[in-house]
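Letter by letter, the chains look like this.
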Amino acid sequence: MLRALDETEFSAALDRGDTRAATTWLVRAYATDVLSLCRSLVRDEALAEDLAQDVFAKALAGLSSFRGESSPRRWLMSIARNHCLDALRRGTKRPWELGDEDSVSETVDPAPIGADLLMDRDEVAAALASLDEASRAMVVLRFRHGLGYPELADAFQVKEGAVRMRISRALARMRIALEQPLAVRSISGPSGARASRARSPMPVPSAPPAPAPAAPPSPSAPSPAAPESGGGLPPPAVPQVPRSAPAAPGPMGAPPPMGAPPPMGAPASTGFGRRVSTFGAVLGRLDAPASATFLQRLEAFVLNAEPT
């Protein structure tokens, strides 16, 4: 999808009352996001496409009352989330089948995976694929699409504490899967060669030997101010104050090793929101895009639908 579409086109369409053009803009910008959310909740491609089409029909009908109090994406995804949850409540899709261990009411607060473990897209995809279907859907819905724990509990028909527990276990399994290749790279990768070079510092040149004490100049010796080449004694050495060697840069001044993740820009104690955003962005890049056929059908539907 073209996520770089100019949002001013959407605003201009609304200003002139052209809800059809505004909905077409939403299709081109966010159809893949809406379809991804529907897929994650109903686990059926054909049904997800039908629900996604319903979402854009609702958007077309509701755009006349859109006041811009939230972003177009947030507004659209809220419609998609509510519509899919309503479909699950109506029994359009059978409830999720979770094990007995998910009846627990223990409350945990699962933290997202840090950026240092999200550098390799294929490894993240493999770690996500290692989860069971329900856990994988919960992780994607929570961190990719921002569903709250009460909404997830409603969708999966379990207690909120059970949702937290399952997500916490799923993230722990993903961390283990992602830390293993990271540990291998830290031992045998290019960083290992850099570490060995760092243990062999460059030789420091030794100071030149101090000159022998000079004999007192004779009265017939040339003036020290104008010594002749190859004759006479050198002028007396001027005492020099020893200069201290420059201090080696500490950890704060040293450049980061090649291949290291960029700094998060905030202390670890305040970087929770940034980690959520990073994890969600990586999960978003793993989404299968909407097919060209589906997008064409969706745009044709918007063009022919009658706003209510």
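Numbering of residues starts from 1 in each chain and follows the order in which that chain's sequence is written. In keeping with the predicted nature of the model, local features appear solely for residues at pLDDT of at least 70, side-chain atom pairs appear and are counted solely at 80 or more, and the whole-chain, interface and lining totals rest on all residues. The side-chain quantities take in all heavy atoms of the structure and omit both hydrogens and water.

### Points about the overall build of the protein
Starting at the N terminus, helices and strands are each numbered in turn, a helix being any DSSP run of H or I of at least four residues and a strand any DSSP run of E of at least two. The secondary structure content of the protein amounts to 11 helices and 0 strands. Along the chain direction, N to C, the helices and strands of the protein fall in the order α-α-α-α-α-α-α-α-α-α-α. Per-residue burial over the protein gives 35% buried out of 308 residues. Within the protein, residue pairs in contact and separated by at least 24 positions form 78% of the contacts whose partners lie at least 6 positions apart. Type-normalised accessible area, obtained with a 1.4 Å probe on protein chains alone, sets the label of each residue: buried when under 20%, exposed when over 50%, and partly exposed for intermediate values. Should any heavy atoms of two residues lie within 4.5 Å, those residues are counted as being in contact.

### Some points on the environment of Gly-114
Residue placement: Gly-114 occurs in the loop between helix H4 (72-89) and helix H5 (121-129). With relative accessibility at 17%, the residue Gly-114 sits in the buried group. Residues Gly-114 and Arg-275, spaced 161 residues apart in sequence, show a C-alpha to C-alpha distance of 5.8 Å.

### Focus: the packing of aromatic side chains
Here a ring pair, both rings aromatic, is described through the centre-centre distance and the interplanar angle of the planes. Here a pair means two rings of Phe, Tyr or Trp (six-membered ring of Trp) with centres within 6.5 Å. Their orientation is stacked below 30 degrees between planes, edge-to-face above 60, and tilted elsewhere. A full pass over the atoms with the stated rule returns 5 aromatic pairs. Judged by centre distance (5.8 Å) and plane angle (70°), the rings of Phe-10 and Phe-66 are edge-to-face. Of this pair, Phe-10 sits in helix H1 (residues 7-15) while Phe-66 sits in the loop between helix H3 (45-62) and H4, and the two are 56 residues apart along the sequence. With respect to burial, Phe-10 and Phe-66 carry one shared label: buried. Ring geometry for Trp-25 versus Tyr-30: centroids 5.8 Å apart, planes at 75°, classification edge-to-face. In this structure, Trp-25 and Tyr-30 share a single accessibility class: buried. Each residue in the set Phe-10, Trp-25, Tyr-30, Phe-66 and Trp-75 is aromatic and connected to the rest through ring pairs, giving one cluster. Any Lys NZ or Arg CZ found within 6 Å of a ring centre and within 35 degrees of that ring's normal is scored as a charge over the ring. Between Arg-142 and the ring centre of Tyr-149, over which it is positioned, the NZ or CZ distance is 4.3 Å.

### Considering the confidence of the model for the protein
pLDDT expresses how confident the predictor is about each individual residue, on a scale running from 0 to 100. The share of residues in the protein with pLDDT of 70 or more is 62%, and the mean pLDDT across the chain is 74. Confidence, expressed as mean pLDDT per element, reaches its minimum in the protein at helix H9 (residues 190-198) with 41 and its maximum at H3 with 94. Per-residue pLDDT stays below 50 along residues 221-231; that stretch engages in 2 contacts with residues further than four places along the chain or on separate chains. Low pLDDT, under 50, characterises residues 241-270; the predicted model gives this stretch 10 contacts beyond four residues in sequence or across chains.

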